[in-house]
Amino acid sequence: MSNRSVVPFGPQHPVLPEPIHLDLVLEDEVVVDAIPSIGFVHRGLEKLVEVKDFNEMAYVAERICGICSYGHGFGYCDAVEHIMNIEIPPRAQYLRTILFEMSRLHSHMLWFGLLADGFGFESLFMDAWRIREKLLDMLEEATGGRVIFSINKIGGMRRDIPKEMLKSFRQRLEDLTEDLKVTVRTLLEDPAVKSRLSGVGVLTADEVETLGAAGPFLRGSGIRRDSRKLGYLAYDDIDFDIITHNDGDTYARTYVRAMEILQSVDIIKQAIEKTPAGEVDVPVKGFPNGEYMTRIEQPRGEACYYVKANGKKFLERMRVRTPTFANIPALTASLRGSELADIPILILAIDPCISCTER
Amino acid sequence: MKLSKSPWLLHYDASSCNGCDIEVLAATTPRFDVERFGIINTGNPKHADILVITGGVNNQAKSVVKQIYSQMPEPKVVVAAGICACDGGIFKDCYNIMGGVDKVIPVDVYVPGCAVRPEALIDGVVKALAILDQKRDAMKSHAACEINYDKNSDTKEKNQA
């Protein structure tokens, strides 16, 4: 008979950039159960609506997470703009789309590196982060920040991105494409990587759907669902397909994210082409009154922003549901039955963002 | 500047938003490349000389921070990276935030910024190195005193015998 033992994993662990704790119940080398406990990064920032007014909250919302910061800032602004019936100008819509895809690109490259590092492919980690720096350069030129951008405000954008800069972005992305393709191909076609990822943590389409997973985790099991297709911002005018894979294993999740890297480049190029001229913001008068929920596709999956206001300077409630939170039940399900040595890869493959989850 | 040793870093996210953490990682990658000085981001507190800590520390992270700090061998230096680690930053008013790493463990170098830039972080680590040297020298002279003391006590005992 095999022995049962419990191995604590985290909160401080070499493969984890962020703290999460798992109690892994093992039978020999096989995980029979994984019990997550979270709360190491909980700050309680939703309660800051009581001390920061609805304009300032846009900057607090960005700091929900430093990786998906752009999306959080935009999601919050979008919800408040809907409450206040503000129609933002078309140019701002397009610029927001471009920056959103840029942030998806840098987030995916970050994940790419961490995953490679997770199974010991350190040169690929360095390569991914080398390319990521070039993306951050563009984001910094456009917004002024590498990590926290704070370019969105209620009613549009704080500053315009000049035409020449957009043109240079196009060119630089063109130059990067070859690099990106080589890196993506290395990850997806390397036999060592393939054998490490294939068949690990398989979840069927039914399982991921009932467990409520989101984003590439969901699409890796063959479900075609992408909130970008809801048609917010300029996504309606852009031609792109939802990337899916039917295997439902770690390789499939990796495949979906890696292909989304190349897709994002394409979306940015299309958006730059179509960006109209004009203003980037509209004046905002009065205070919001009402409630709204925005759904957007973050790099890690669908995120929801609920805002309730009562006509005062301070909001009544802000609530965020983030993709990693939705992915945790499916993650623990995929851990069950896997080998102990595969745990870091399984966790990294969903691109966990604990700061988002706990806020 | 001459490095007296290649220090190893330990990084811990104590309730930060992730922004500073990815910048700590970015400092080790090709653009900034602190690894060329032999500075390695280790995952083991027992191998680390410098603790780079981000975030304002919440109640649950408090004991973890203390534990990691106590597991590091002497001499050790703590670098608070980012404004949240310095004094709580934008999350200062949150009910769950202690408001800075120095509320929990002693901090030697403060590096502000939201998020902290890799250049600033490297500057902070270089400052931390000087402090590490000082601490090591202090330990050496302290150890030397102890050895002398032991010798004295030996002779004392012999004399008594």
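A brief report on the enclosed structure follows.

Criteria and cut-off values
- Residues numbered from 1 in each chain as written.
- Chains lettered and ligands numbered in written order.
- Predicted model: local features only at pLDDT ≥ 70, side-chain atom pairs only at ≥ 80, totals over all residues.
- Heavy atoms only, no water.
- Helix = DSSP H or I, 4+ residues; strand = E, 2+ residues; numbered from the N terminus.
- Buried < 20%, exposed > 50% of the residue type's maximum accessible area, 1.4 Å probe, protein only.
- Contact = heavy atoms within 4.5 Å.
- Areas by Shrake-Rupley, 256 points an atom, 1.4 Å probe, with all protein chains shown as cover.
- 1 Å grid on protein atoms, 1.4 Å probe; cavity = no way out; pocket = protein on both sides within 12 Å on 5 of 7 lines; lining within 4 Å.
- Points joined across faces, edges and corners; volume = space filled by probe spheres on them.
- Nonpolar A, V, L, I, M, F, W, Y, C, P; charged D, E, K, R; others polar.
- Phe/Tyr/Trp six-rings, centres within 6.5 Å; stacked < 30°, edge-to-face > 60°.
- Lys NZ or Arg CZ within 6 Å of the ring centre and 35° of its normal.

## Remarks on the overall build of chain B
Argument step 1. Along its length, chain B carries 4 helices and 5 strands.
Argument step 2. The order of α-helices and β-strands along chain B, N terminus first, is β-α-β-β-α-β-α-β-α.
Argument step 3. For chain B, buried positions account for 50% of its 161 residues.
Argument step 4. Partitioning the contacts of chain B with sequence separation of at least 6, the portion at a separation of at least 24 is 81%.
Argument step 5. Surface summary for chain B: the accessible area is close to 7600 Å², and the carbon and sulfur share equals 53%.

## Details of empty space enclosed by the protein
Argument step 1. Taken as a whole and judged by the stated rule, the model has 3 cavities of 30 Å³ or more.
Argument step 2. Roughly 170 Å³ of internal volume is contained in the largest cavity.
Argument step 3. Lining the largest cavity are 18 residues, with Pro17, Glu18, Leu114, Leu348 and Pro352 of chain A positioned closest to its centre.
Argument step 4. For the lining of the largest cavity, the secondary structure elements donating two or more residues are helix H3 (90–118) and helix H11 (343–349) of chain A together with helix H1 (19–26) of chain B.
Argument step 5. Looking at the lining of the largest cavity residue by residue, the class counts come to 13 nonpolar, 1 polar and 4 charged.
Argument step 6. The space that makes up the second largest cavity amounts to roughly 80 Å³.
Argument step 7. Along the walls of the second largest cavity sit Arg63 of chain A together with Ser16, Cys17, Cys20, Gly55, Ile83, Cys84, Ile90, Phe91, Gly113, Cys114 and Ala115 of chain B, which together make up its complete lining.
Argument step 8. Residue composition of the lining of the second largest cavity, grouped by class: 8 nonpolar, 3 polar and 1 charged.

## Quick notes on the packing of aromatic side chains
For any pair of aromatic rings, the description rests on two quantities: the centre-to-centre distance and the angle between the ring planes.
Residue and element names in this part refer to chain A.
Argument step 1. What the rule picks out here adds up to 9 aromatic pairs over all chains.
Argument step 2. Pairing Trp111 with Phe112 gives two aromatic rings, centres 6.1 Å apart and planes at 85°, and the pair type is edge-to-face. Both residues of the pair, Trp111 and Phe112, count as buried.
Argument step 3. Taken together, the aromatic side chains of Tyr70, Phe74, Phe100, Phe149, Tyr232, Tyr235 and Phe240 make up a single cluster linked through ring pairs.
Argument step 4. Positioned over the ring face of Trp111 is Arg257, at 5.4 Å from the centre of the ring.

## Structural notes on the environment of Ser63 of chain B
All names here are of chain B.
Argument step 1. Looking at the element boundaries, Ser63 is found in helix H2 (residues 59–71).
Argument step 2. Classification of Ser63 by relative accessible area gives partly exposed; the value is 49%.
Argument step 3. A C-alpha to C-alpha distance of 8.7 Å links Ser63 and Val104, two positions 41 residues apart in sequence.

Function cannot be inferred from these measures alone, as they are strictly geometric.
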